[in-house]
Amino acid sequence: MKTFNCAIIEDSITQRRLLEEYIAKHKNLKLMHSASANADVLEDLNTSNIDLLFLDIEMPDMSGFEFLSGLTIEPQVIITSTHQKYALEAFDFNVTDFLLKPYSPARFEAAITKAIDKVKAAKKKQPESKLVVKHNLKQVELNVHSILYVEALGDYVKVVTDERNYVILSTMSAFKDRLEADKFIRIHKSYIVNLKMVERYNHEFIEIQNKKIPISRAKIAELDQLLNCLD
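Small disclaimer: the values here were computed from a predicted structure and weren't measured.

Caption draft 1: Structural context of a nonpolar patch on the surface. Taken together, the side chains of Leu 153, Tyr 156 and Val 167 define a hydrophobic patch exposed on the protein surface, amounting to about 240 Å² of accessible area. Counting through the fold element by element, Leu 153 comes out in strand E8 (residues 147-153). Residue Leu 153 is classed as partly exposed on the basis of its relative accessible area, which comes to 38%.

Next up, the structure:
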């Protein structure tokens, strides 16, 4: 039976305990994190494999919307709030559901069913050539084969494709881990390139659509090998 990993971000200990009890009773759910929102918790969650996130809005150190803006993972998000006024803004973040406190076990179950159905549907329909990324606070589907190169921009990466660019909150290492190792190479601390897009290269730089990208000396041999093995 499939188990879905959950996290609770809620400053009220009482509300956290209630959600923890609901999750513990649900045969398909497994609680991985339970805490109030702050920068350390956000960093931990971004390195976790979470399917469902229960998120409060009003918290002392970081609001729920600030927390959502900092997420680099894409769980199904269920907002839990005592204020209906946040509902419209919450759905601007493409959340799965909005639970108005106090909510009943039946309402909780309905939200869980919706979230699990979305997780299953996403895994079925998303081929290996697609990545779901967050761009301009919205989740978009990115065609991996259209990527020309990826460039580091501080706490973000810029993904350059044939059609447009995407600026995504991510480290270079984290984004590289989502790409096929035999199709992409990090040739420099600031660049990842799609090997099939390389038009010409020497031991100083590669060229992709008139863009010259520097190569680290340590990566020259690996680049030679991968390009020679490329179909």
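Caption draft 2: Structural view of the pairing of strand E10 (residues 165-169). By the alternation rule, side chains of E10 split into Tyr 166 and Ile 168, which are all buried, and Asn 165, Val 167 and Leu 169, of which none is buried. Taking the residues between adjacent antiparallel strands as the criterion, strand E9 (residues 156-161) and E10 are bridged by 3 residues.

Caption draft 3: Representation of helix H1 (residues 13-25) within the structure. Compared with an ideal rise of 1.5 Å per residue, which puts 13 residues at 18 Å, H1 spans 18 Å between its outermost C-alpha atoms and is within 8% of the ideal. Among the residues making up H1, those that are buried are Arg 16, Leu 19, Tyr 22 and Ile 23. The buried residues of H1 occupy one face: seen down the axis, they fall within an arc of 125 degrees. Of the residues in H1, the exposed ones pointing more than 90 degrees away from the buried face are Ile 13, Thr 14, Ala 24 and Lys 25.

Caption draft 4: Molecular detail of unusual backbone geometry. Backbone torsion omega between Lys 101 and Pro 102 reads -5 degrees, so that peptide bond is classified as cis. Tracing the chain through its elements places Pro 102 in the loop between strand E5 (97-100) and helix H5 (105-125). Residue Asn 94 is not a glycine yet carries a positive backbone phi of 60 degrees. With respect to the element layout, Asn 94 can be found in the loop between helix H4 (87-92) and E5. Here Gln 209, not a glycine, exhibits a phi torsion of approximately 45 degrees, which is positive. For Gln 209, a relative accessible area of 44% puts it in the partly exposed group.

Caption draft 5: Molecular detail of the packing of aromatic side chains. All told, the structure shown has 6 aromatic pairs when counted by the stated rule. For the pair Tyr 22 and Phe 108, a centre-to-centre distance of 4.8 Å together with 40 degrees between the ring planes defines the contact as tilted. Here the residue Tyr 22 occupies a position in helix H1, and Phe 108 occupies one in helix H5, the gap between them amounting to 86 residues. Phe 108 matches Tyr 22 in its accessibility class, with the two residues each being buried. Here Phe 54 and Phe 108 contribute two aromatic rings whose centre-to-centre distance is 5.7 Å and whose plane-to-plane angle is 15 degrees, an arrangement assigned as stacked. Placement of the pair is Phe 54 in strand E3 (residues 52-55) and Phe 108 in helix H5, with a sequence separation of 54 residues. Phe 108 carries the same exposure label as Phe 54, and that label is buried.

Caption draft 6: Up close: the confidence of the model for the chain. Averaged over all residues, the pLDDT of the chain is 89; the fraction at 70 or higher stands at 96%. Taken element by element, the predicted model of the chain shows its lowest mean pLDDT in helix H7 (residues 220-229) (82) and its highest in E3 (97).

Caption draft 7: Representation of the environment of Leu 88 in the model. In this structure, Leu 88 sits in helix H4. Linking Leu 88 and Phe 98, residues 10 residues apart in sequence, is a C-alpha distance of 9.6 Å.

Caption draft 8: Structural detail: the environment of Ala 110. Checked against the element boundaries, Ala 110 lands in helix H5. Residue class for Ala 110 comes out partly exposed when judged on its relative accessible area of 41%.

Caption draft 9: The arrangement of the sheet that holds strand E4 (residues 76-81) in detail. Judged by pairing direction, the sheet is parallel, and its 5 strands sit side by side in the order E2-E1-E3-E4-E5 without closing on themselves. The open sheet is flanked by strand E2 (29-35) and E5, the only strands paired with a single partner. Taken pair by pair, the neighbouring strands of this sheet meet at an average axis angle of 20 degrees, ignoring direction. The strands touched by H1 within the sheet are strand E1 (4-9), E2, E3 and E4, with E2 carrying the most contacts at an inclination of about 165 degrees.

Caption draft 10: Representation of the pattern of salt bridges. The final tally for this structure, using the stated rule, is 10 salt bridges. Between Lys 101 and Asp 56 there is a salt bridge whose closest N-O contact spans 3.5 Å. With a gap of 45 residues between them, Lys 101 in the loop between E5 and H5 and Asp 56 in the loop between E3 and helix H3 (64-70) connect regions that are remote in the sequence. Comparing Lys 101 with Asp 56, the two get one shared label, buried.

Here is what the cut-offs are and how they apply
- Residues numbered from 1 in each chain as written.
- Predicted model: local features only at pLDDT ≥ 70, side-chain atom pairs only at ≥ 80, totals over all residues.
- Heavy atoms only, no water.
- Patch = residues over 30% accessible without salt bridge, like charges linked within 9 Å, V, L, I, M, F, W, Y side chains within 5 Å.
- Areas by Shrake-Rupley, 256 points an atom, 1.4 Å probe, with all protein chains shown as cover.
- Salt bridge = Lys/Arg side-chain N within 4 Å of Asp/Glu carboxyl O.
- Helix = DSSP H or I, 4+ residues; strand = E, 2+ residues; numbered from the N terminus.
- Buried < 20%, exposed > 50% of the residue type's maximum accessible area, 1.4 Å probe, protein only.
- Pairing = 2+ DSSP bridges.
- Expected span 1.5 Å × (residues − 1).
- Arc of directions from axis to C-beta.
- Phe/Tyr/Trp six-rings, centres within 6.5 Å; stacked < 30°, edge-to-face > 60°.
- pLDDT = per-residue confidence, 0-100.
- Axes fitted to C-alpha atoms, helices over the stretch in contact; angles between N-to-C directions.
- Contact = heavy atoms within 4.5 Å.

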